[in-house]
Each structure stands twice: as C-alpha cells, then as structure tokens.
Amino acid sequence: MSTDEPPHPQESRPPQKGDTPRSLAEALRTREDDALAELLHARPDLLNPVPTDLTQLAARAGTRASVVRALERLDLFTQQVAQTLAVAPEPTSYEELLGLLAGDDGDAAVADALPGALRTLHGQALVWGTDDRLRLVRTARELLAPSPQHPSPTGLGPTVAEATAGMSPTRMQDIVAAAGLPTTHDAVSAVEALTALFTDRARMSALLDEAPAESVEVLSRLVWGPPYGQVTADPARHLRWLLDRGLLLPTAPGTVVLPREAALHLRAGRAHRSPAPTPPPVAPGREHRPQVVDATAAGQAYTALATVEELLKEWDEGGPAVLRAGGLSVRDLKRTAVALDMPEPMAAFWVELSYAAGLVASDGEADERYAATPAYDEWQELPAPRRWAVLATAWLAATRTAGLIGGRDGKDRTLSALGPHLDRSVAPEVRRRVLSLLAGLPEGAAPDPDSLLARLHWERPSPAAHDLRTRIAQWTLNEAELLGVTGRGALSAHGRALIGGAPEGDPGALGVRPPTGAEQVAAAGRAVEILTPLLPEPLDHVLLQADLTAVAPGPLERPLAEALAVLADVESKGGATVYRFTPGSVRRALDAGQSASDLHAFLAAHSRTPVPQPLAYLIDDVARRHGHLRIGAASAYVRCDDEALLNEILADKRSQGLRLRRLAPTVLAAQADPGTLLEGLRTMGFAPAAESADGDVLITRAHAHRTPPRSAPEPVPDGPPLPDATLIGAAVRAIRAGDLASTAPRKESPRTPGGALPRTTSAETLATMQAAVMTGEAVWIGFVNAEGAASQRVIAPVRVEGGYVTAYDHTADEVRTFPLHRVTGVAELAED
C-alpha cells in the first residue's frame, strides 16, 4: 500500500484487491469501523466485556451461545441461506449458493433477495470470505449441518463421502459396478466416481429411468426429508435395487439414508422445498370506518379505566393474601373474577396490568396482602386520557405475560397471577411488532389473523408449531382490544400514536433499538391529545327514578361517583350505570357521617329529575331508626331508651348466638364483640349505630389500605442491553488499538521464536526503554496491571525515571505511566 501520508497507528490495513481472508479474524480486520460498529450493535453480547483485539472478537463471535442467539434472530430467508451454506461444499461460491436456493430452473425473487441476506450474514459475522469462497462460521455449520440426531431444516442427509465413511472397499466397488461405472483402484476414487454420477444431471436421469416404479416411490418419500428409512435384514427387490446402486446407503443396522447428492438431483437442485425470499403480506380482514374504530376503542379505553378502579376498590381495605411462593391463590383469583363479573383469564390480565403500572403491590406486612400503592391515589387524580396512557405504556413495556397464568412452568408448577416466573423477555418486542404491522394496514382495517401470524413467523421463525411468540401475538390482539388500543380489531388513531406509527415495511422492525424514555413520553403525549376529544365528558348529574334507582347516563365526576357509591349500590353497568337505593346503602351513608338533610340536599343538587317520594321516605325512615340502638364495648352492649324494643330483641330466637342479657331496663350486654353485635342486629332488621366510649355516635368510613411506596416491576431484558453509539465507538477504537498491539510486526531474535514476546529481566527492560526514548521508536511490551490482568501493548516511551516509564500508549490512544516492575517483557518492533 502506498500513500502520501503514513497511516495512523490505530488504523488497520485496508483490504487489497484480490485478498482472500484465511480466517474470520482476518476478515474482520478488513472491515471499516462503521461495519464493526454495526456488528457490535447487531450482536451486543460480543461487547461484554470489550474484546481486547479482533482475534478475540472473532473467537467470541464463534462461540455456541452467541451463534445460536444470532441465528435465532434472523428472518426465515436469511436462515434458509445459512442452512443452505451448511449443506453446500466448503468453501462455496455465490453462484453455487444461488443454484442451491433457486434450483435448476432459477427463481428471480430468490436472486433478488440473496444479496441482502448475505449482507446480513456477513454483517453479523456468521459468514466470511469473498463471493468466490464463502464460508459459514464453524459453529453455525455444526449447528445447521444434517445429522441423525439433529436433522437439517433442509431435509437433506449426509453426502456420499460422509455416508460411506468406514464402508469396506469391496462393498464400494460393488456399488460402483452396479451403478454402471468402471471399478476403481481404491475406495476414495470410488466415492468420487459415485458422487460425480449423482451430480451429473444427464447420467443420473438415465440411471433413474431404469429404476422400478416401487423404487422411485421410495425415493419420493425420502426426497424432502427426513432422508432416513428402515429396512429389514432381507430387503425387498425394489429396495435392493436402490441399495446396490448407492441410492440408499446404510448408516446403522436396519437404517438407510438417501445421500445428499441424489436428493438434490431429485429436487431439481433446490436445497429447500419452498424458499421464502419475501415476507408474506399482512392481509386486511374486515374494514371499518376509522371514526367507528376510534369511537369503539375510546369506549373500551374508558371501560378499562373503570375496570382497574373497580378492581382496586375491591382491594381498597386490603386485598387477597400473598401465597408463600408469591402470587394470588386460585380461589382469590376466582373471587376477584366474580367481583369484576368477568372470566378468570380476563381478571388475571387486569390484575397483572395494575401490577405492571405500579398501582398494586404487596404491603410487606407480617400477614402479607396485596393492596393499592400510593401511586394509585396519584393516578386517580389524573385526567382520564392520561390515566389510560399510564396503563397502555406499562402494558407495552411489560415483560410479565398474563396469558401464561394457569399454565405450568418447566418444573410442572402452576403459574399464578402476580407470582414469579411470568416474565418473558420477548413480550414487549412482539407486542410492538404486532401493533406496527397493524399500523401498516389502511386505517380502519383489521388484519386477517392467520396472515399476521405467518408474517411474524417469517420474521422470526420458530420450530414449534405453537411457539411462545405466536401465543404472545395472539394474546396481544386480545389485550389491545380490552385496553382500547384497537377497536373492532383495527388499530385506533391513539394506538397508532402510542407506538409512534412504525410502518409495516420498516426493515428494522425486529431487533431494533427499543424506544427511549423520552420517546415513550412523547408518544404517550400524542396519544393523549388524540384520545381526549374521543372520551365523554364527566357528568355532574343523575336521573332519579320512582323505583328507587338512579341512572347515570355517562361517566360521572369523581366526587359525585364516590358519594353515590356510598349512598347506593351499583345494579348494572354499561353505557349507562344504574344505582339502586336500599335501606342498607342509606344506612351506610348515615354511618359515614351524613344526615338525612344532607342526603336530601345531595340528591336534589345532582338530579335532573325531582327526588321521588319513595326515595325521600326511605331516607327519612332509615334515618329515624338510625342510632336508636347504640352499641358499645362491654365486650359489647346495647343501649336503648325504648324498653319494649330491647324486650323484642331478647325474645327473638335469632339473638341467641349473641348471648345477650339485660344489665338495666335500657341496657343489654353481649359476649360478642361490637362489630359482630352490630352486624347481627342489622341482620335481624334493626338499624343500630355504634357509639364511642364517650357515648357519641361513631362515624365510620371505608379505610383505604395502602402499601408503602413501591416502584413498578422492571421489565426483564431480552439479552444484553443494546449499546449506544458512544459506547460502540469507544469499543471499536479499543479493539482496533488492541489489535494493532497484537499484530504489530516484531523483530526476530533467538529469544523470540516466531515473534513471540520474550520474558526480559528488569535490567534488560530498563535498557530497552531508555534506548527507545533516545531513538523515538515504539516497542512492544507485556504488562500486568494491579488486578493481575495481563495484556500486550505498543507504546512509544517518552521518559524513564523513578522506576516508571511515561509513554504514548497506542492501545489506549493516550499518554500513560507504567511501573517498570509490572512490565513482563519488551521487544522492538520490526522496521517495516
């Protein structure tokens, strides 16, 4: 290489025309820094810790765990290209690879897609070499090559050479002769002759023309895999014909295989039965007007808010107990589902969503229970659109997967709601991808579910028929509808804004950098702006009816809804909520400190219709009797100025369990506690009120039990976090510098055979350093840091004094000071 200026110490030698790398490390050295940065971004596991040089980077890129992870994240066609390389000769050319993928007849779509797939494999260091000598990394080849224990996805078997390894030379000569070939002098040439026959289209066709029909039928059953079959010790005539000519080769007693070359001829040269060069489109199913979709989704969004509020109101005074192993018991989940009037899987989803949003957690007490967190009170004060955005954002990012609840884990333990082992790191990626594919459809169009799942399978294939990603995608469609992200199966306008409107054709849709916190906040803000006009305005009134009911024709303002929930019981929900007034509900309001006049005034102020006379009579009647009986602690007592009423209580058989006795004409004592006595007398039809030790009526309000401050559960990352550009840039510089130190040419000497770094004494090290200071030349040193980690560096010494050498460290690209006693060896660099 000749240039006007000398190269920078950190720059690697650029590739020269005609260069053929001999290893993956050499191939990586020819890459530009941008290409190395793309590799580290695509495979972030290679960065932990940062490799010291390109040789170590190549070794790490070839480890089994890293290769498996990289292969799993390829799309279907790119995987098919890698699988084809695993069954192709090594090395193979681009033309041979294209022939195996497109077949003898060619395929324009495959030819168009192959360069992009190869770029991906090259970029991720799974393939290296030039177009005339393509090589799959050894670990990937071992994973994808066919074997009896791990059949190839191509359905191909071993080659003739692999299947005949260990076969006797006499048997090989018999096969060659039966196939119509001249005999050879050794087994190697016999294998070559048989391979040449099977790869010659004309001669192979002529051989198969002579085959019995039953033999051809056997080959047709094996041709697309699996290529193995069973034979008896005395095979039939048509099987014997195939065995004699090597079209079936024995691999084990009673087992035969169709050799790869013969299968490729029968397949017309194709390694895969159905190459998939292009992703299948997501077909629209039903189509609706966008306005209908948005209105439906907005209505469901409001229902979602009401459902979460109802759930946590149910748990307001302390929810279900926490199981010893964590999570809700099956009985508590059933009880919650009954309270919410929905199926158990749906109730489990709302419980998990509330937990993911940080609205519910365990209280950490000795008798541990689930309860709302202080964040729930803050959430309730937000406007309805913002409350929805909190839930939707938490759902998108959550790795906890509610659809798994009720199933079994790997140790056959039942997975419970709010319990451990529900995190699936791929869930956020699949949810976002499903919504992105919906965003690629016309507005108002719901997808055909089968085509959506087919597209997801193409983007990230999985061998399982009902793999986890497919199930998460199906759950995502259902959960998005429950949450109001979609309406009638189509993505809503606020749902589109929530995900940033990623188009279907985004080439980085899978495995892209997840949105940052700022991007999520901005997207949620846009969704709130779109959703706000779609949600109904809260009402400040109800419609009172003569049958002791009140109808709320829409959502109520929070103070009105809370007050009405105390005064009446919810009878039905929907577009309009129906409340029913009962003696028990009115008594509940009186217990909370309201008077009859307060209740009359409240109803008159918030009803668009006159207060019906039956309702007014009900309030007055309950208020007149409320507090006539008083309950205190004796264990408990009943006090009443009406002796006849106390006589009635004592005479009632239902009071026997309370163990009452008269203390005075106006006082009864009980063995039961005040709460039990209060509830027992109310069950008997009386309206007692509790009183304090001072004789005042106790005002009782619902006690809202809250946990200490809790943070929402952190999503479990899917592998190592994606590094940012700054970290990748620093890592590339460090790897380049370390590679310069490890590959710099050294002077040959008797003490450094092969250019290895020698062990030098302290005196030799000091002398070499002092000489380098005078000449201004760089030297190669071995260095052990304070932690005991050894490394090799190229330094240019500037000053040597006090047992330290100050030098410009080419490896770190900075001036550093090295203690001489930590330098294990030093050598001069070659002049060139």
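Model, not experiment: these values are computed from the prediction.

Moving on, we get to the overall build of the protein chain. A tally of helices and strands in the protein chain yields 33 helices and 25 strands. Here the C-alpha radius of gyration of the protein chain, 39 Å, is well above what a compact globule of 832 residues would show, namely 28 Å. Along the longest, intermediate and shortest principal axes, the C-alpha atoms of the protein chain span 125 × 90 × 55 Å. Counting the 832 residues in the protein chain, one finds 46% classified as buried.

Another point: the nonpolar core. Membership of the largest hydrophobic core comes to 72 residues, with the highest contact counts inside it found for Trp-350, Trp-388, Leu-391, Trp-395, Leu-435 and Leu-483. Apart from residues no more than four positions distant in its own chain, Trp-350 is found in contact with Ala-304, Thr-307, Val-308, Leu-311, Met-342, Leu-482 and Leu-483. Listed in part, the 47 residues of the second largest apolar core include Leu-74, Val-81, Leu-126 and Ile-735.

A separate point is unusual backbone geometry. Geometrically, the link from Glu-90 to Pro-91 is a cis peptide bond, its omega value of -5° lying close to zero. As for its placement among the helices and strands, Pro-91 is situated in the loop between helix H5 (76–87) and helix H6 (94–102). In this structure, the amide linkage connecting Gly-225 to the following residue, Pro-226, adopts the cis form with an omega of -5°. Positionally, Pro-226 belongs in the loop between helix H13 (213–222) and strand S3 (228–230). In this structure, Leu-418 takes a positive phi of about 65° despite not being glycine. Tracing the backbone through its elements, the reader meets Leu-418 in the loop between helix H20 (384–397) and helix H21 (427–439). The residue Leu-548 is not glycine, and still its phi comes out positive at about 65°. Mapped onto the elements, Leu-548 comes out in the loop between strand S12 (543–545) and strand S13 (549–552).

The final tally for this structure, using the stated rule, is 31 salt bridges. A salt bridge links Arg-22 to Glu-26; the shortest N-O distance between them is 2.8 Å. Since its relative accessible area comes to 24%, Glu-26 is described here as partly exposed. For Arg-639, the salt bridge is made with Glu-691, and the minimal N-O distance between the two is 2.7 Å. Taken together, the residues Arg-639 in strand S17 (residues 636–639) and Glu-691 in the loop between strand S20 (689–690) and helix H32 (725–743) connect sequence positions 52 residues apart. On the basis of relative accessibility, which here comes to 28%, the residue Arg-639 falls in the partly exposed class.

Of all residues in the protein chain, 91% have pLDDT values of 70 or greater, and the mean over the chain is 86. Of the regions scoring below 50 in pLDDT, residues 1–18 engages in 15 contacts with residues more than four places distant in sequence or in other chains.

So, on to the packing of H20 against helix H25 (residues 517–531). Direction vectors running N to C along H20 and H25 enclose 135°, while the axes themselves pass 9 Å from each other. Considering the angle they form, H20 stands oblique to H25. Considering how the two elements wind past one another, H20 and H25 form a crossing that is right-handed. Two secondary-structure elements touch here, H20 through Pro-385, Arg-386, Trp-388, Ala-389 and Thr-393 and H25 through Ala-524, Ala-527, Val-528 and Leu-531. Residues of the contact of H20 with H25, tallied by class, amount to 7 nonpolar, 1 polar and 1 charged.

In this section: the sheet that holds strand S4 (residues 249–252). Sheet architecture is open: 3 strands sit in the order S3-S5-S4, paired in antiparallel fashion. Only two strands of the sheet have a single partner each, and these edge strands are S3 and S4. Averaged over all neighbouring strand pairs, the angle between strand axes comes to 40°, with direction disregarded. By the bridge criterion, 3 bridges tie S3 to strand S5 (residues 255–257) in an arrangement that is antiparallel.

Two elements, strand S21 (residues 779–784) and strand S22 (residues 790–801), share 6 bridges in a ladder whose sense is antiparallel. Residue Val-784 lies in a different strand from S22, and its bridge partner there is Ala-790. Between S21 and S22, which pair antiparallel one after the other, the connecting turn spans 5 residues, and Gly-788 there sits at a positive phi close to 90°. Pairing analysis gives 6 bridges linking S22 to strand S23 (residues 804–809), with the strands arranged antiparallel. Within S23, the residue paired with Pro-797 across the bridge is Ala-807. Where S22 folds back on S23, the antiparallel hairpin that results is connected by 2 residues, among which Gly-802 adopts a positive phi of roughly 60°.

Here the focus is the environment of Trp-350. As for its position among the elements, Trp-350 is in helix H18 (residues 344–356). For Trp-350, a relative accessible area of 1% puts it in the buried group. Each C-alpha atom of the pair Trp-350 and Gly-803 lies 68 Å from the other, and the pair is 453 residues apart in sequence.

Within a sheet, each strand pairs with its neighbour through backbone hydrogen bonds, oriented either parallel or antiparallel. The strand order across the open sheet formed by 5 strands is S24-S23-S22-S21-S25, and the pairing between neighbours is antiparallel. Both edges of this open sheet fall to strand S24 (814–819) and strand S25 (823–828), since each of them pairs with a single strand only. In this sheet, adjacent strand axes meet at a mean angle of 45° when their direction is disregarded. One ladder, built from 5 bridges, connects S21 with S25; its direction is antiparallel. In the strand pairing of S25, Ile-781 is matched with Val-826.

Moving on to the packing of helix H10 (residues 169–178) against helix H11 (residues 187–199). Contact geometry of H10 with H11 gives a least axis separation of 9 Å together with a crossing angle of 30°. By the angle between their directions, the pair H10 and H11 is classed as roughly parallel. Our pair here, H10 against H11, has a crossing hand that is left-handed. Residue-level contacts link Pro-169, Met-172, Gln-173, Ile-175 and Val-176 of H10 to Ala-187, Ala-190, Val-191 and Leu-194 of H11.

On to H10. Residues of H10 that are buried include every one of Met-172, Gln-173, Ile-175 and Val-176, and no others. One side of H10 holds all its buried residues, which, seen down the axis, span an arc of 160°. Against the buried residues of H10 lie H11, helix H14 (237–244) and S4. Directly beyond the C-terminal end of H10, a positive phi value near 85° is found at Gly-180.

What follows deals with a negative patch on the surface. On the surface, Glu-95, Glu-96, Asp-131 and Asp-132 cluster together into a negatively charged patch. In this fold, Asp-131 is placed in the loop between strand S1 (127–128) and strand S2 (135–136).

So, on to the side chain of Asp-809. The residue Asp-809 is located in strand S23 in this model. The buried category is assigned to Asp-809, whose relative accessible area is 0%. Within the structure, the side chain of Asp-809 is placed 2.7 Å from the side chain of Arg-793, a separation counted as a polar contact. In this structure, Asp-809 is in contact with Arg-793, Val-794, Ile-795, Glu-814, Arg-816 and Phe-818, ignoring residues within four places of it in sequence.

Procedures and definitions
- Residues numbered from 1 in each chain as written.
- Predicted model: local features only at pLDDT ≥ 70, side-chain atom pairs only at ≥ 80, totals over all residues.
- Heavy atoms only, no water.
- Helix = DSSP H or I, 4+ residues; strand = E, 2+ residues; numbered from the N terminus.
- Rg over C-alpha atoms; globule rule 2.2 N^0.38 Å.
- Buried < 20%, exposed > 50% of the residue type's maximum accessible area, 1.4 Å probe, protein only.
- Core = buried A, V, L, I, M, F, W, Y, C linked by side-chain atoms within 4.5 Å.
- Contact = heavy atoms within 4.5 Å.
- Salt bridge = Lys/Arg side-chain N within 4 Å of Asp/Glu carboxyl O.
- pLDDT = per-residue confidence, 0-100.
- Axes fitted to C-alpha atoms, helices over the stretch in contact; angles between N-to-C directions.
- Parallel < 35°, antiparallel > 145°, perpendicular 65-115°, else oblique.
- Left-handed = near helix turned anticlockwise from the far one by under 90°.
- Nonpolar A, V, L, I, M, F, W, Y, C, P; charged D, E, K, R; others polar.
- Pairing = 2+ DSSP bridges.
- Arc of directions from axis to C-beta.
- Patch = residues over 30% accessible without salt bridge, like charges linked within 9 Å, V, L, I, M, F, W, Y side chains within 5 Å.
- Areas by Shrake-Rupley, 256 points an atom, 1.4 Å probe, with all protein chains shown as cover.
- Lys, Arg positive; Asp, Glu negative; His and termini not counted.
- Charge placed at Lys NZ, Arg CZ, Asp CG, Glu CD.
- Polar contact = N/O pair within 3.5 Å; in protein donor to acceptor, adjacent residues only side chain to side chain.

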